[in-house]
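# Working through the structure, step by step
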Number of protein chains: 2
Amino acid sequence: MADTGSGSQSGSGSINCFTCQVRDRTEWCVLSDAEIELLNKGRITKEYLPGEVIFHEGDPCRGVFCMETGMVGVRKTDADGNSVLLYLVTPGDTLGYRALLAGEDYQASAEALEPTRICVIDSPTVRSLLEHNPALGLRYLKRVSRSLGSAEEKILHNATLSVRARFAHLLMVLLDKYGHKNSEGPTEFELPLSRHDLAAMIGTTPESMSRTIKKMESDGVAKFAGRTVHIPVLESLIMEFEPETFL
Amino acid sequence: MADTGSGSQSGSGSINCFTCQVRDRTEWCVLSDAEIELLNKGRITKEYLPGEVIFHEGDPCRGVFCMETGMVGVRKTDADGNSVLLYLVTPGDTLGYRALLAGEDYQASAEALEPTRICVIDSPTVRSLLEHNPALGLRYLKRVSRSLGSAEEKILHNATLSVRARFAHLLMVLLDKYGHKNSEGPTEFELPLSRHDLAAMIGTTPESMSRTIKKMESDGVAKFAGRTVHIPVLESLIMEFEPETFL
DNA sequence: TGTTGCGATTGACCAGCGTCAATTCATTTA
DNA sequence: TAAATGAATTGACGCTGGTCAATCGCAACA
């Protein structure tokens, strides 16, 4: 087990790209059978336990990662040890494509937040596919461009919104992604993150996170019990970061 | 002159993609002569005066813009009127590709900061080129991915660095791009931006910008006279945002 | 030359939030 | 059951930087 130093290769040989459950939700859905054959040959499945690192900032990029199960956090850290949690990556998502496509080393690190199974497709395979199938390139272009759009939105948010407003916004995003949002009415769901990581997602400290949570509770906007969040009225949460919607 | 409502079509008919001075520095350098012919047909040249808007946040994307001369600022504004200056776009750069590639409307607005000449290539032409030439797609993938990398770095910077450190960093970036950096020693160059826009680039207010400039002067890190900046020792500027480099 | 207008600067004020330190709570281990 | 470890919370404090308002400098123009 050389390689990254962590992440164990899956013993189960039955897994492959043809039977893959999430393939239709990935970029690879535009590939022909012959191309999937190629993809399958350049593939290794790996498994990670929570806390294990998938790649480090500064590592050379060796391929892209295809999430099958679990959850991964992408973190960026500066020289002083301050860090920000940029993305949460979930099944059907692709991971690590930015470095490959930019022709750079990784500029962020990825770490399993839950038990995770991922397929690694090596760079030459991805490159070869991209060079011969323009549709795949267009798929990736869409993905990267959308990602850039979110990043730019985040820059604006961080510059203009308060910690509280950013947290309210984060709650909405997490609710959309991980909660069963039954349209209107009271909502309850499980946060997939620790307080520390919630803080890192909005660029603040755990202390400020705690205080913000407390204040939102006393204002009746949301109730927190461990990782369970209860939101009585969705509108009052939205009002926290988009007050103009209700004018 | 319907269209965007601003920007006048260039009268000079002699300009085209074959004679274009900046083409080799753009994504289009990978195109064949036949493809450049196509590009040239889908092209209109426009000129803008400082302050004129090239596209607005929310506008549908009608093509990509190819900078020939001048300078453009890409700005993102929220509902309260707070705004951030995300990029400066200069000759040889492409503008507005994000929305096209993501299949979205513009999420930011672009405005000429200097007298500017731009070629507009309409969406169908770009799409068609991308669908048939994978190399072009790879070029754009590299560009968007690098852009995403910078955006992510900016998120980290804004979250962890002080206004002063961010400004020092901005000065370095502007120096690299717009100044003649004669390796070491004292350096002098012209800022391409007003104080207001300098502030918008690092996500702060003009007032804080002023105070930061004043404090940096009294600390001897840089001297400011209007838009002229004089930096006695480059290292002391770098020390402002990367102190660990000198430990 | 006076006036208007705009960008830049300065001052005064203070709220938000980061920092440091102590405490509580939950979970694991001996 | 006690001890130990790490996450989460709470308190106290102070600085950074945002806000509001006044002033200044400079250019355009009547």
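All residue numbers refer to position in the chain's written sequence, counted from 1. Think of it this way: whatever chain is written first is A, whatever ligand is written first is 1, and the rest follow in order. Totals for whole chains, interfaces and linings use all residues, but because this is a predicted model, local features are given only for residues with pLDDT of at least 70 and pairs of side-chain atoms are given and counted only at 80 or more. To get the side-chain values, take all heavy atoms of the structure and skip hydrogens and water.

## Looking at the protein's contact with DNA strand C
To be near a molecule or strand, a residue needs just one of its heavy atoms within 4 Å of it. Near DNA strand C lie 14 residues; those nearest to it are Thr204(A), Ser208(A), Arg211(A), Ser210(B) and Arg211(B). Among the atoms of DNA strand C lying within 4 Å of the protein, the sugar-phosphate backbone contributes 61%. Contacts described as polar in this section are N or O atom pairs within 3.5 Å, which, within protein, must combine one atom able to donate a hydrogen with one able to accept it, while residues neighboring in sequence count only if both atoms come from side chains. One of the backbone nitrogen or oxygen atoms of Val163(A) is found 3.0 Å away from a phosphate oxygen of DNA strand C. One nitrogen or oxygen atom from the side chain of Thr204(A) is found 2.6 Å from a phosphate oxygen belonging to DNA strand C. Contributions of two or more residues to the surface near DNA strand C are made by helix 7 (206–218) of chain A together with helix 6 (195–201) and helix 7 (206–218) of chain B. If you tally residues by element for the surface near DNA strand C, the top one is helix 7 of chain B, at four residues. Gly counts as polar in this scheme, as do all residues outside two lists: the nonpolar Ala, Val, Leu, Ile, Met, Phe, Trp, Tyr, Cys and Pro, and the charged Asp, Glu, Lys and Arg. Residues of the surface near DNA strand C, tallied by class, amount to one nonpolar, seven polar and six charged. By definition, any uninterrupted DSSP run of H or I lasting at least four residues is a helix, any uninterrupted run of E lasting at least two residues is a strand, and each is numbered from the N terminus.

## With respect to the nonpolar core
Put simply, buried Ala, Val, Leu, Ile, Met, Phe, Trp, Tyr and Cys residues joined by side-chain atoms within 4.5 Å make one nonpolar core. Three labels apply to residues, based on accessible area from a 1.4 Å probe with only protein chains included: buried if under 20% of the type maximum, exposed if over 50%, partly exposed otherwise in between. If you look at the biggest cluster of nonpolar residues, it comprises 85 residues, and the most contacted ones within it are Trp28(A), Leu95(A), Trp28(B) and Leu95(B). Sort the elements by how many residues they give to this core and helix 4 (residues 134–160) of chain A lands first, with nine residues. Contact between two residues is taken to exist if any of their heavy atoms lie within 4.5 Å; hydrogens are not considered. Not counting residues up to four positions away in its chain, the partners in contact with Trp28(B) are Arg23(B), Leu39(B), Val64(B), Cys66(B), Ile121(B), Val126(B), Leu129(B), Leu136(B) and Tyr140(B). Counting 33 residues, the second largest nonpolar core, distinct from the first, contains Ala165(B), Met172(B), Phe189(B) and Leu193(B).

## What to know about the protein's contact with DNA strand D
Surrounding DNA strand D, one finds 14 residues, the nearest of these being Ser210(A), Val163(B), Thr204(B), Ser208(B) and Arg211(B). In this structure, Glu207(B) approaches DNA strand D through a side-chain N or O atom, which is 3.2 Å from a base nitrogen. Here a base oxygen of DNA strand D and a side-chain polar atom of Arg211(B) are 2.9 Å apart. Listed by contribution, the elements that provide at least two residues to the surface near DNA strand D are helix 6 (195–201) and helix 7 of chain A together with helix 7 of chain B. Element by element, the count of residues in the surface near DNA strand D is highest for helix 7 of chain A, at four residues. Split by residue class, the surface near DNA strand D holds one nonpolar, seven polar and six charged.

## Examining the pattern of salt bridges
Take a side-chain nitrogen of Lys or Arg and a carboxyl oxygen of Asp or Glu: if they are within 4 Å of each other, that pair is a salt bridge. By the definition in use, this model includes 20 salt bridges over all chains. Where Glu104(A) meets Arg98(A), a salt bridge forms, and the shortest distance between an N and an O atom there is 3.0 Å. For Arg98(A), a relative accessible area of 7% puts it in the buried group. The partner of Arg75(B) in a salt bridge is Asp197(B), and the shortest N-O contact between them spans 3.1 Å. Here the residue Arg75(B) occupies a position in strand 5 (residues 72–77), and Asp197(B) occupies one in helix 6, the gap between them amounting to 122 residues. Here Arg75(B) matches Asp197(B) in class, with each residue buried.

## A short note on the relation of the copies chain A and chain B
To go from the first copy of the chain to the second, apply a rotation about an axis and then a shift along the same axis. Superposition of chain A onto chain B requires a rotation of 180 degrees combined with a translation of 0.0 Å along the rotation axis, giving an RMSD of 0.0 Å. The operation mapping one copy onto its partner corresponds to a two-fold rotation axis. Both copies present the same face, since 100% of the interface residues in chain A are matched by interface residues at the equivalent positions in chain B. What sets the superposition is a least-squares fit of C-alpha atoms, and only residues with pLDDT of at least 70 in both copies go into it.

## Quick word on the domain arrangement of chain A
All names here are of chain A. Boundaries between domains were set according to an automatic or database domain assignment. Partitioning chain A into domains gives domain 1 (8–158) and domain 2 (161–246). Domain 1 and domain 2 are separated by 28 Å when their C-alpha centres are compared. Interface area lost by domain 1 to domain 2 is led by Leu85, Leu88 and His157, which between them contribute 47%. One can count one salt bridge joining domain 1 with domain 2. The tally of links from domain 1 across to domain 2 stands at four residue pairs in polar contact (both at pLDDT 80 or more). In terms of residue class, the side of domain 1 that touches domain 2 is made up of seven nonpolar, four polar and four charged. Summed over both partners, buried area is the accessible surface (1.4 Å probe) that two parts give up on being assembled.

## With respect to the sheet that holds strand 10 (residues 187–190) of chain A
Residue and element names in this part refer to chain A. A strand pair is defined by DSSP finding two or more bridges across the two strands. The strand order 10-12-11 describes an open sheet built from three strands, whose pairing is antiparallel. Of all strands in the sheet, those bounded by a partner on one side alone are strand 10 and strand 11 (223–225). The average angle at which neighbouring strand axes cross in this sheet is 15 degrees, direction not considered. Direction of pairing for strand 11 relative to strand 12 (residues 228–231): antiparallel, over a ladder of three bridges. Looking across to strand 12, one finds that lysine 223 is bridged to histidine 230. Packing against the sheet, helix 5 (residues 163–178) makes contact with strand 10, strand 11 and strand 12, and its axis sits at approximately 85 degrees to strand 10. Only the contacting stretch of a helix is used when fitting its axis, a line to C-alpha atoms as for every element, and angles between N-to-C directions run 0 to 180 degrees.

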